[in-house]
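Coordinates in review
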Amino acid sequence: MPTTLHHTLKTVFGFHEFRAPQQDVIERVVAGEDVFLVMPTGGGKSLCYQIPALHRNGVAIVVSPLIALMKDQVDALIANGARAACLNSSLNSAEVGRVFQQMDAGTLDLLYVAPERLMMPEFLERLGTLKLALFAIDEAHCISQWGHDFRPDYVKLGRLRTTFPAVPIVAMTATADPETRQDIINQLGINNATVFVAGFDRPNITYTVIPKQKPLVQLGSFLSGRRDEAGIIYALSRKRVEQVAERLREAGFSVAAYHAGLPDDERMRVQDAFRKDDIRIVVATVAFGMGIDKPNVRFVVHYDMPKSVESYYQETGRAGRDGLPSEALMLFGMGDVMTARMLIENSDNAERVKIELQKLNAMVGYAEALTCRRRALLAYFGDQRQHDCGNCDICTDPPQRFDASEQAKKALSCVYRVGERFGMMHVIEVLRGSKNQRVRELKHDQLSTYGIGSDTSAVDWENIIRQLIHLGYLAQDFTRFGALKLTPVARPVLKGETAVILGRPRDAVQTVEKGKKRAGGRRDYDQALFDALRALRKKIADAANVPPFVVFSDATLAEMARSRPSDARELLQVSGVGEHKLRQYGRAFLDVIATYVKENVGGTVSRLTDKDLALTTSDTRKETLRLYREGLDLEAISARRGLKSSTIAAHLEELHGLGADVDLLRFVSQEKVPLIRAQLEKQGGLGLSELKEALPDEISYEDIRLVRGVWNGEQRR
Ligand code: ADP
Ligand code: ZN
């Protein structure tokens, strides 16, 4: 193949750089090797077989469990000018015949098939007569009984390796769990596959957990600034789903309910309307799941707590596949925990109960944590991070800390005095000197700890004791109604040898408000232009009967709204615009942008006035610019703003790109400039980390950004 992988990435898909580990994976598959790829949702798994499919001879066979997903993938490929088709039960025999023809004529790059179709003997025979580029197995965890979505049809795929020994297999999954992963490899017989595990972080998702107080009010407050955004609200029961959906409908939201109790065609309708942006919000039980590949889901709300951290991760993971900032909000109420616990304990299978209770406890622990959410979440999957993320409610709105040593001592000794046989509520009653009958009957009003905590409210005690549980001073025995017990580390606290610092619970509404401001602040493009582009996209998509994201992703529209390209060459610079889409839609989008610029900005984009800047850039960049104009240097701006200097450098680079008068080189020592420039010439300015790697250690990310800003400016001229 004469064309390079990068060239395909750019011209077909319109992307400028590979994400880790796409390039490695693609190179191996192109070379004919098997690969097992574990990558979170939205990581970019599709490219890992789509580019090899275009670079290897023959047709690539893609196995996918869901018909709706197949069609979107095929539509998206065709929109990029690739030759793709699918075979599944939704086609009639004439359509099937046409696909067979294309296969035999060798005019297909990719063919999507359902597993049951693929493994039919006649079909395998047909494949035997063709040149095959590769097999791609999407949602590969469906082959494993360990996985959460076992599909018997997938088991037969185990025969592919022996039937087609020379055709490379790419198996992909987002599943986190190591047993399932090993099982997939064994079942598929790809023991020589190179395994890529891309990590589980979803950096563009902001995690927030608030105590559930008045859930509908809290939900309304969260949604009020997000009327135009797509989102999913998960609730535990069908009844709850219906109720919430109804209330939102009354409040004028574009919303539908989805759960397993609805007729099939209604569920299809909802899913389809959601994909096409005709419905903004779906309130659903977990039945609304795998079929959602909509990339522009901007928020996922858990109205009720999910039953495990795995489910939480998977469900929140449906937000922000397109990489744009997205929100995961959970309302956390103790009542829900009790209900969940009761449901679990109803089962007869003791082993199962034990496991599920453990999972539930881990989930509660996450919800109550007063440490960085992302760290807690990733730690659960074995990825221990050293630093707070700066993009969760705890990081951006840290709970106040207070010295709770005295109260901890009181609580722990009270647990001890009641014989480590009572739950939290009883311990609190004793602490607060309750006169209730049970306390008196048990003679707990005669204990030395009776009433020693009457100066603290019951709610505050609950909060303190919960944190003592999370920090490991107390353990809850779920086999005995949650009786509290001391752990070995409680001793030094009781003796007054260790201080206990706890967090104060935060005001839930305030947390949501702050989150909303944060989300608004991060939007660094012009919303009105974005809306105009979105309207155009919807028109084109409806005419072609495809979901809008097949035309362009939100990320691509946002970048257009930010950079406001004025001709085809500039439009091609926008990530997500390949050559085929440029030809198809370029004119229409350029026209909308030009009209907008003429009406709202008045002429050139290249020399920005402050008013103009106000339109195109976010407050945070404006603040950086203001401090820059005061004459502060990078470190000083960074200190004043409490942001990393690399962030400040990124602001300045972008401001410069927008045409603001910023002298980037003021902050780079002169001898570094030629080195960086030489590397830029070589690598073409993309991929900051690749540039950093190629340059001497003393050259920082900031240096590279600043020089790159100048260099990019020259390229544009
Ligand atoms: P997954 O299958 O892993 O959930 P997808 O393959 O659907 O993820 O990709 C998620 C999103 O990221 C898509 O919108 C896709 O177009 C985009 N994407 C993938 N790779 C890149 C890349 N190298 N540069 C920019 N966007 C990318
Ligand atoms: Zn954090």
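Residues numbered from 1 in each chain as written. Chains lettered and ligands numbered in written order. Predicted model: local features only at pLDDT ≥ 70, side-chain atom pairs only at ≥ 80, totals over all residues. Heavy atoms only, no water.

Contacts to ligand 1 come from 14 residues, most closely from E17, G42, K45, S46 and R321. One of the side-chain N or O atoms of R321 is found 2.6 Å from an oxygen atom in ligand 1. Here ligand 1, which alone exposes 560 Å², has 81% of that area covered by the protein. (Near = heavy atom within 4 Å. Polar contact = N/O pair within 3.5 Å; in protein donor to acceptor, adjacent residues only side chain to side chain. Areas by Shrake-Rupley, 256 points an atom, 1.4 Å probe, with all protein chains shown as cover.)

Right, let's get into the domain arrangement of the chain. Per the domain assignment, the segments of the chain are domain 1 (2-197), domain 2 (205-396), domain 3 (401-505), domain 4 (527-600) and domain 5 (610-716). With centres defined by C-alpha atoms, the gap from domain 3 to domain 5 works out at 54 Å. (Domains from an automatic or database assignment.)

Once that is clear, we can look at the coordination of the zinc ion (ligand 2). The zinc ion (ligand 2) binds to the protein through C372 (SG), C389 (SG), C392 (SG) and C395 (SG), with metal-donor distances spanning 2.4 Å. For the zinc ion (ligand 2), the 4 donor atoms are set out with angles of 101 to 119° between them, so the coordination reads as tetrahedral. Considered as a linear motif, the donors of the zinc ion (ligand 2) on their single chain read C-x16-C-x2-C-x2-C. Taken as a pair, C372 in the loop between α16 (350-368) and α17 (373-380) and C389 in the loop between α17 and α18 (393-396) lie far apart in primary sequence, 17 residues in all. Owing to a relative accessible area of 26%, C389 belongs among the partly exposed residues under this scheme. (Donors = N, O, S within 2.8 Å, 3.2 Å for Na, K, Ca; no water. Tetrahedral: all angles 85-135°; square planar, octahedral: opposite > 155°, others 65-115°. Helix = DSSP H or I, 4+ residues; strand = E, 2+ residues; numbered from the N terminus. Buried < 20%, exposed > 50% of the residue type's maximum accessible area, 1.4 Å probe, protein only.)

The next point concerns the sheet that holds strand β9 (residues 230-234). With parallel pairing, the 6 strands of this open sheet are ordered in space as β8-β13-β12-β9-β11-β10. Lying at the two open borders of the sheet, with one neighbouring strand each, are β8 (205-211) and β10 (255-258). Each strand of the sheet is rotated relative to its neighbour by a mean of 15°, with strand direction disregarded. Bridge count for β9 against strand β12 (residues 297-302) is 5 bridges, and the pairing is parallel. Of the residues in β12, the one forming a bridge with G231 is F299. Here helix α13 (residues 264-275) sits on the sheet in contact with β9, β10, β11 (281-284) and β12, set at roughly 140° to β10. (Pairing = 2+ DSSP bridges. Axes fitted to C-alpha atoms, helices over the stretch in contact; angles between N-to-C directions. Contact = heavy atoms within 4.5 Å.)

As a further point, take the packing of helix α1 (residues 5-13) against helix α3 (residues 46-55). The contact between α1 and α3 brings their axes to 11 Å, and the two run at 105°. In this view, α1 runs roughly perpendicular relative to α3, as classed from their interaxial angle. Counting all contacts with α1, which are made through L5, T8, L9, V12 and F13, the residues of α3 involved are L47, Q50, I51, L54 and H55. Taken together, the residues of the contact of α1 with α3 sort by class into 7 nonpolar, 3 polar and no charged. (Parallel < 35°, antiparallel > 145°, perpendicular 65-115°, else oblique. Nonpolar A, V, L, I, M, F, W, Y, C, P; charged D, E, K, R; others polar.)

The omega torsion across A20 and P21 is -10°, close enough to zero to call that bond cis. Counting through the fold element by element, P21 comes out in the loop between α1 and α2 (22-30). The backbone of N545 shows a phi angle near 55°, a positive value even though the residue is not glycine. If you trace the backbone, N545 turns up in the loop between α25 (527-544) and α26 (548-551).

Looking now at the side chain of Q467. Within the secondary structure, Q467 sits in helix α22 (residues 458-470). Accessibility expressed as a relative area gives 6% for Q467, which makes it buried. From its side chain, Q467 meets the backbone oxygen of G503 in a polar contact 2.7 Å long. Leaving out residues up to four positions away in the same chain, Q467 has contacts with L370, L502 and G503.

Our next topic: the confidence of the model for the chain. As a general rule, the predicted coordinates of low-pLDDT regions are not to be interpreted in detail. Confidence in the prediction for the chain averages 88 pLDDT; 93% of positions are at 70 or higher. Taken element by element, the chain is modelled with least confidence in helix α30 (residues 610-616), mean pLDDT 52, and with most confidence in strand β5 (residues 132-137), mean pLDDT 98. (pLDDT = per-residue confidence, 0-100.)

Moving on to the environment of S347. Relative to the elements of secondary structure, S347 occurs in the loop between α15 (334-345) and α16. Since its relative accessible area comes to 34%, S347 is described here as partly exposed. C-alpha separation for the pair S347 and L160, spaced 187 residues apart in sequence, amounts to 39 Å. One polar contact links the side chain of S347 to the main-chain amide nitrogen of N349, over a distance of 3.1 Å.

Let us look at α16. Between its terminal C-alpha atoms α16 stretches 27 Å, which fits the 27 Å expected from 19 residues at 1.5 Å a residue. For α16, every residue scored as buried is listed here: V353, L357, L360, M363, V364, G365, Y366, A367 and E368. With a side-chain oxygen lying 3.2 Å from the backbone nitrogen of E351, the N-terminal cap of α16 falls on N349. (Expected span 1.5 Å × (residues − 1).)

Here we take up the pattern of salt bridges. Enumeration according to the criterion identifies 40 salt bridges in this entry. The shortest N-O distance in the salt bridge between R269 and E266 comes to 3.2 Å. Of the two residues, R269 and E266 are both situated in helix α13; the distance of 3 residues between them amounts to about one turn of the helix. Notably, a salt bridge pairs R534 with D531, separated by 3.3 Å at the nearest N-O pair. Separated by 3 residues within a single helix, R534 and D531 lie in helix α25, roughly one turn from each other. Assessed through its relative accessible area of 28%, D531 is described here as partly exposed. Among the charged side chains, a salt-bridge network with shared partners connects D277, K294, R298, D322, R537 and D554. (Salt bridge = Lys/Arg side-chain N within 4 Å of Asp/Glu carboxyl O.)

Attention now goes to the sheet that holds strand β3 (residues 84-87). Ordered in space as β3-β4-β2-β5-β6-β1-β7, the 7 strands form an open sheet in which the pairing is parallel. Of all strands in the sheet, those with a lone pairing partner are β3 and β7 (194-197), marking the two edges. Averaged over neighbouring strand pairs, the angle between their axes works out to 15° when direction is ignored. Where strand β2 (residues 59-63) and β5 come together, 5 bridges link them in parallel fashion. Along β5, the bridge assignment pairs A60 with L134.

This part is about the nonpolar core. If you look at the biggest cluster of nonpolar residues, it comprises 83 residues, and the most contacted ones within it are L111, L118, L127, F135 and L157. The element best represented in this core is α16, accounting for 7 residues. Each of domain 1 (2-197) and domain 2 (205-396) gives at least three residues to this core. Apart from the residues lying within four places of it in its own chain, the contact partners of L118 are I61, V63, V113, F123, L124, L127, F135, L157 and L160. Counting residues in hydrophobic clusters, the runner-up holds 33 residues, among them L9, A114, A133 and L134. (Core = buried A, V, L, I, M, F, W, Y, C linked by side-chain atoms within 4.5 Å.)

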